[in-house]
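# Topology and contacts: notes
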Amino acid sequence: MSSSDIFASEVLGTMVLVLLGGGVCAAVNLKRSKAFAAGWVAIAFGWGFAVLTGAYIAQSSGAHLNPAVTLALAMKEGKGALPWSDVPVYLGSEMLGAMLGAVLVWLVYYAQFQVTLREPDAVELKNANPGPVHGVFFTSPEVRKPLLNFLTEVIATFVLIIAILTQGLVKDVDGTVGLGKMGALITALVVVGIGLSLGGPTGYAINPVRDLGPRIIHAVLPLPNKGGSDWSYAWVPVVGPMVGAAVAAGVYNLAWG
């Protein structure tokens with residue numbers, strides 16, 4: 001594929017991923033939403049469906065939608081490895097798509113943001129770090145232990161990436177390698193499983209741009225009483241997934257490369 005084709009595919013796919021994923025967080029967390037307080041299970045499945053939709057939209061470029069996936073495929077040895085020369089366009093398009101998706105969440109839930117952030121408790125929390133609506137845009141830990149939070153993101157992302165890489169080991173009876181279009185569904189279900197099983201401590205970013213792109217948008221949007229963007233924690237959901245991806249690629253190369 002040309003760089004422009006990769007760019008268009010990954011921007012659109014990542015934008016929809018963050019729109020639907022951030023959208024379910026907004027639906028559950030913002031007041032005067034019909035899904036208000038629906039709970040963690042709704043969020044986990046919402047993110048799984050977001051991955052599924054974004055992946056089908058971006059299937060022409062391989063549906064990375066995640067720098068951790070891009071890094072792992074570039075490190076992968078043998079057939080299906082991503083040329084390092086393509087990495088910058090993937091990373092740039094994923095980041096742009098994530099930021100656009102966050103803006104769309106803000107537009108869709110504009111009225112709910114206004115209602116939620118003008119409540120008395122939000123006004124009192126306006127200087128909090130993270131702010132009262134941070135969960136719509138970015139992750140933060142329930143117990144702030146940066147090294148443990150980092151390790152959680154490494155482990156959760158390892159599970160995601162090794163599940164993606166090993167899809168290429170599956171052979172059908174006719175000799176076809178991989179899961180084909182079913183791969184997106186399996187990956188989406190893996191994301192749901194990670195959310196339900198490993199998402200409790202940190203909110204499972206497992207995708208650097210899913211966290212960093214919307215965090216930047218949160219910082220610049222004109223939201224009243226929105227509080228801080230928690231930049232002191234921002235390295236964890238960026239570095240942790242990339243380390244987890246590198247470890248997964250290393251294990252895959254040792255075992256099957």
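Sequence positions are assigned chain by chain, starting from 1 and proceeding in written order. Local features in this predicted model are restricted to residues whose pLDDT is 70 or higher, and side-chain atom pairs enter the listing and the counts only when it is 80 or higher, whereas totals over whole chains, interfaces and linings include all residues. Side-chain descriptors were evaluated using all non-hydrogen atoms of the structure, hydrogens and water having been removed beforehand.

This part covers unusual backbone geometry. Residue P130 is bonded to the preceding N129 through a cis peptide linkage, with omega at 10°. Here a helix means four or more residues in a row that DSSP labels H or I, a strand means two or more in a row labelled E, and each is numbered from the N terminus. The topology assignment puts P130 in the loop between α6 (120-124) and α7 (134-137). With a phi close to 65°, A37 is a non-glycine residue in the positive phi region. Within the secondary structure layout, A37 lies in the loop between α1 (3-29) and α2 (40-57). For I206, which is not glycine, the phi dihedral falls at a positive 45°. Mapped onto the secondary structure, I206 falls in the loop between α9 (182-198) and α10 (208-220). According to the relative accessible area criterion, I206 is buried, its value standing at 5%. Relative accessibility decides the category of a residue: with a 1.4 Å probe and only protein chains considered, values under 20% of the type maximum give buried, values over 50% give exposed, and everything between is partly exposed.

Between N-to-C directions, angles cover 0 to 180 degrees, with each direction set by a line fitted to C-alpha atoms, over the stretch in contact for helices. Taken N-terminus to C-terminus, the directions of helix α8 (residues 146-165) and helix α11 (residues 236-256) make an angle of 45°; their axes are 7 Å apart at the nearest point. Accordingly, the angle class assigned to the pair α8 and α11 is oblique. As for how α8 packs across α11, the hand of that crossing is right-handed. Of the residues in the contact of α8 with α11, the class split is 18 nonpolar, 4 polar and 1 charged. Roughly parallel here means an angle under 35 degrees, roughly antiparallel means over 145, roughly perpendicular means 65 to 115, and every remaining angle is called oblique. Left-handed describes a crossing whose near helix is turned anticlockwise from the far helix by less than a right angle; the clockwise case is right-handed. Polar here means any residue outside two lists: the nonpolar Ala, Val, Leu, Ile, Met, Phe, Trp, Tyr, Cys and Pro, and the charged Asp, Glu, Lys and Arg; Gly therefore counts as polar.

Let us now look at the nonpolar core. Across soluble globular proteins, you tend to see nonpolar side chains buried next to one another. Put simply, a nonpolar core is a bunch of buried Ala, Val, Leu, Ile, Met, Phe, Trp, Tyr and Cys residues held in one set by side-chain atoms that sit within 4.5 Å of each other. By size, the foremost hydrophobic cluster in this structure holds 41 residues, and its most contacted members are W47, L160, I161, I194 and Y204. Contributing elements (two or more residues each) for this core: α1, α2, α3 (67-75), α4 (87-108), α8, α9 and α11. The element best represented in this core is α2, accounting for 7 residues. Throughout, a contact is declared for two residues whenever any of their heavy atoms are within 4.5 Å. Look past the residues within four positions of W47 in its chain and what remains in contact with it is L17, V18, G21, G22, V24, C25, V191, Y204 and R210. By size, the runner-up hydrophobic cluster in this structure holds 21 residues, among which are V18, W106, F138 and L221.

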